[in-house]
Amino acid sequence: MTAVIRGLHARRVAIAIAFAALAACGGDGGTAGASDPPPSPFSGLSCSAPAGAGWCWQRPLATAFDVHDLFFLDAQRGWAAGENGTVLRTDDGGGTWLTFSAGRRSRLSQIRFADALNGWALVAQDAQLLRTSDGGRSWAATAAPPILFPETLQLTRSGMLVLSGGTLVGRFRIGLTVLSEDGGNTWRVPAGAGTGDVVTDSGVIWQGAQRSQDGGRTFERHPAFPALRLGGVIGSEGRRVWAVVDVDTAPFHQAVGWSEDDGETWRFWPVETPAGLDTRRVEPAWLYADGTGWGYVRGGLIENEFWGHTNDAGRTWQPLALPAGVDPQALSGGVRIDGKTLWFADTSGAWITRDGGQGFSAFALPPGFVSGPFGSSGSRDSAGAIVLRDSDGRSWRSADDGGHWMPVPGATAGDAAITALSFISATQGMALASDGVLLATADAGLSWARRTRLGSKATGAGHLHVAAGQWWLVDGDARIQRSADGGLTWGAVAVSSAGSEPVVALRFFTASEGVATTLACVEQDIGRVCDLWAHATQDGGKTWQRRASPAGNSVAAMAFGSALRGVRVRNDGSGIVEWSHDGGITWPAASVDAPFGLAATKITWVDENLVWMVNFRGLARSRDGGRTWASVTVQELPERPGQTAQPFLRDLAFADANRGWLVGEDGIVMATTDGGESWQLQPVSTQQALTSVFALDAQRAWIGGSRGTLFGTATGGR
């Protein structure tokens, strides 16, 4: 079924949140009594199974996927592609969008169309290319392209498909370009293919100064390029092709080559350095088919001192006329739209030039645009509209050069990751984000309301739980916070013996008994050395007793399952796991069947004897309170073609000794019903990194992830 998503004003979903204060009741959010599964409360949400079954999107409700690429065939017809195989199509310039699926677990990185029906989408992470012949409604894989790391997809006017990226030769990655002249049914590797291949719209392939006119089967050096001259073709559009080559005629260092006839004939002219730059020089960095372009100044004490601009294909260069008070170094984060249009942001705001840098004016970025130092990009589509993508991965399109912005549907909100979840009943719970923002729900997650923000430094909040009617967490300033009124008000609790040491873990077991873990760092000759310390309280956090140190060896992770039982892992390269049954006073070494403890990311206690450990790529289990450990194989983790590592695993939660969930990056959700002997992949409609999971019982569980993502299930995820 296709869904219609309206534009900015029409598609905003008005979510009425009727929030009741959470009751301060006992229990710690653990296993509920066995009963028949209740009817799913999530019917009507976007779920992985019909009738509200499976894992259902809870937040953000209106935008359930990231968009990674946008392509317009003309002013009205366009497509967008994103995570989880999502394809969007518009026939009215972005006013409304149809939503299709190209495959449940495909992250589509680029999309191109030859006409209104025939298109291709690149799945870079899986080294796969998909094809449609019905405008994006249905998709099928082409023949497997012979490239491990495809990065860019190009469709030439001649109908040739070009995938450029890299492959492995032994342990080394080298550049590679592969071609298809039949829509992806067969593929070829051009002779001598390497990094920097330029394929023109007519299908001519350039490798530096080497040219192929037969689809890459043979190459020869073009006679316009002398044999000893370094450099070659760097770009093309239509029949125009341009090159940058080194020269040895003082005072010039480089020359620009220009062809108007698809590379048949060439003109060259030296790149002149503007007066006043002494021994420095302008280096052409980006040139465009209309002869405009941008260049850096090289050779001074500060590289990239300012950008220069050219209107005559590199013959002459002019420095940019920056606004008064603007540091030229701010341009290092500038975003090029085309050969005349560029914008950048500094502490005073955002600025744009539309005339090659001779005049700048204030630039109104799209609402909510995140202008980070990395990740922002800009371009013009085939209809001439500006397309901006921010550092949070959201995209906007403007058909009037930035006067009005239309968001591309699907871009998720830039909220912090959900690092902890806890529910006290089937309807009432809270979620904590890494920046200390606390969310609450009174309807099983159908709606979430922001309660407060605890802390201001966003150092990584977490460990949200309830014990004996009191809520506990670690806030964004790495302090302990406690609430006795269901999360309405909070107060900081100091670990007095730790001084200013940040708290990195916390667990209370009764109203009075709890254990906190702090991070202590000291400067030594070998550099900064950090260690974890355990602190115990028996009076509800009024006083704390600091436990023994790990005898000179640093600890990477530590967690307690009761006031007496704990497990910790060394980070000294030994993989040693230690256990304590006396509240952290003594720590004997555990018996481990493999050096699993390296890079442990989460330790989860199910009861006083059963404890699990998660590292980035596997699991280990102890049935005797941490004394002995055995590695556990996780079956069915998705393969990642061209990559040696599986998706990182992040968190684990059990409803009881047998039933639990494991989550990780790339939208990985694994479930077990036999105590971890076997694991089954459960579908979720995201490829966001999933960072936390909470199980109330065998049917009801919640998952948190990056960018504020929240999922819930009332059917065990099935």
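**Re the environment of Arg-659**
Here Arg-659 shows up in the loop between strand S54 (649–654) and strand S55 (660–664). Separated by 40 residues in the primary sequence, Arg-659 and Gln-699 have C-alpha atoms spaced 9.4 Å apart. Leave out the neighbours within four places in its chain, and Arg-659 touches Phe-654, Thr-672, Thr-673 and Ala-698. Within the structure, the side chain of Arg-659 is placed 2.5 Å from the side chain of Asp-656, a separation counted as a polar contact.

**A short note on the pattern of salt bridges**
Per the counting criterion, the structure on display carries 24 salt bridges. Residue Arg-77 is joined to Asp-74 by a salt bridge in which the shortest nitrogen-to-oxygen separation is 2.7 Å. Residue classification places Arg-77 among the partly exposed positions, given a relative accessible area of 31%. Note that Arg-700 and Asp-697 form a salt bridge whose closest N and O atoms lie 2.4 Å from each other.

**A closer look at the environment of Pro-150**
Turning to its location among the elements, Pro-150 is positioned in strand S11 (residues 149–155). As for Pro-150 and Gly-166, which are separated by 16 residues in sequence, their C-alpha atoms are 6.4 Å apart. Leaving out residues up to four positions away in the same chain, Pro-150 has contacts with Leu-122, Ala-124, Ala-127, Ser-164 and Gly-165.

**Notes on the sheet that holds strand S27 (residues 342–346)**
Reading across the sheet, the four strands line up as S26-S27-S28-S29 and stay open at both edges, with antiparallel pairing between neighbours. Of all the strands in the sheet, the pair left with one neighbour each is strand S26 (335–336) and strand S29 (361–362).

**Considering the pairing of strand S4 (residues 78–82)**
Taken across its five residues, S4 has five buried, putting it largely inside the fold. What sits between the antiparallel neighbours strand S3 (residues 67–72) and S4 is a turn of five residues.

**Description of the confidence of the model for the protein**
When pLDDT is averaged along the protein, the result is 83, and 84% of the positions lie at 70 or above. Every residue in residues 1–34 scores below 50 in pLDDT, and together they form 77 contacts with partners more than four places removed in sequence or on other chains.

**Details of the packing of aromatic side chains**
Ring pairs (aromatic) are described by centroid distance and by the angle formed between their planes. Taken as a whole and judged by the stated rule, the model has 26 aromatic pairs. With 3.6 Å between their ring centres and 10° between their planes, Trp-472 and Phe-508 make a pair best called stacked. Here Trp-472, found in strand S39 (residues 470–474), pairs with Phe-508, found in strand S42 (residues 503–508); they are 36 residues apart in sequence, far enough to count as distant. There is no split in this pair, since Trp-472 and Phe-508 are both buried. The structure contains a cluster of three or more aromatic residues connected by ring pairs, namely Trp-343, Phe-363, Phe-369, Trp-396 and Trp-405. Note that Arg-546 overlies the ring of Trp-533, its terminal NZ or CZ placed 3.9 Å from the centroid. Lying across the ring of Trp-579, Arg-627 places its NZ or CZ 4.7 Å from the centre.

**Examining unusual backbone geometry**
At the junction of Arg-59 and Pro-60, the peptide bond is cis and its omega measures out at -10° in the coordinates. Along the polypeptide, Pro-60 turns up in the loop between strand S2 (56–59) and S3. Of note in this structure, Asn-84 is not a glycine but carries a positive phi near 60°. Inspection of the secondary structure puts Asn-84 in the loop between S4 and strand S5 (86–90). Even without being a glycine, Asp-666 presents a positive backbone phi close to 65°. Along the chain, Asp-666 falls in the loop between S55 and strand S56 (668–672). Given the relative accessible area of 10%, Asp-666 is considered buried.

**What about the nonpolar core?**
By size, the foremost hydrophobic cluster in this structure holds 15 residues, and its most contacted members are Trp-55, Trp-661, Val-669 and Ile-703. Among the elements of the structure, S55, S56, strand S58 (690–695) and strand S59 (701–705) are those that each provide at least two residues to this core. By residue number, the principal contributor to this core is S58, which donates three residues. Beyond its immediate chain neighbours, meaning those up to four positions away, Val-669 contacts Trp-55, Trp-661, Leu-662, Val-663, Gln-680, Leu-681, Gln-682, Val-684, Leu-690 and Ile-703.

**Considerations on the sheet that holds S2**
Spatially, S2-S60-S59-S58 is the arrangement adopted by the four strands of the open sheet, whose pairing is antiparallel. Each edge of the open sheet carries a strand with a single partner, namely S2 and S58. On average, adjacent strands in this sheet sit at an angle of 25° to one another, irrespective of strand direction. Summarising the sheet, S59 and strand S60 (residues 710–713) pair through four bridges and their orientation is antiparallel. In the sheet register, Ala-701 faces S60, and the bridge partner there is Thr-713.

Parameters at a glance
- Residues numbered from 1 in each chain as written.
- Predicted model: local features only at pLDDT ≥ 70, side-chain atom pairs only at ≥ 80, totals over all residues.
- Heavy atoms only, no water.
- Helix = DSSP H or I, 4+ residues; strand = E, 2+ residues; numbered from the N terminus.
- Contact = heavy atoms within 4.5 Å.
- Polar contact = N/O pair within 3.5 Å; in protein donor to acceptor, adjacent residues only side chain to side chain.
- Salt bridge = Lys/Arg side-chain N within 4 Å of Asp/Glu carboxyl O.
- Buried < 20%, exposed > 50% of the residue type's maximum accessible area, 1.4 Å probe, protein only.
- Pairing = 2+ DSSP bridges.
- pLDDT = per-residue confidence, 0-100.
- Phe/Tyr/Trp six-rings, centres within 6.5 Å; stacked < 30°, edge-to-face > 60°.
- Lys NZ or Arg CZ within 6 Å of the ring centre and 35° of its normal.
- Core = buried A, V, L, I, M, F, W, Y, C linked by side-chain atoms within 4.5 Å.
- Axes fitted to C-alpha atoms, helices over the stretch in contact; angles between N-to-C directions.

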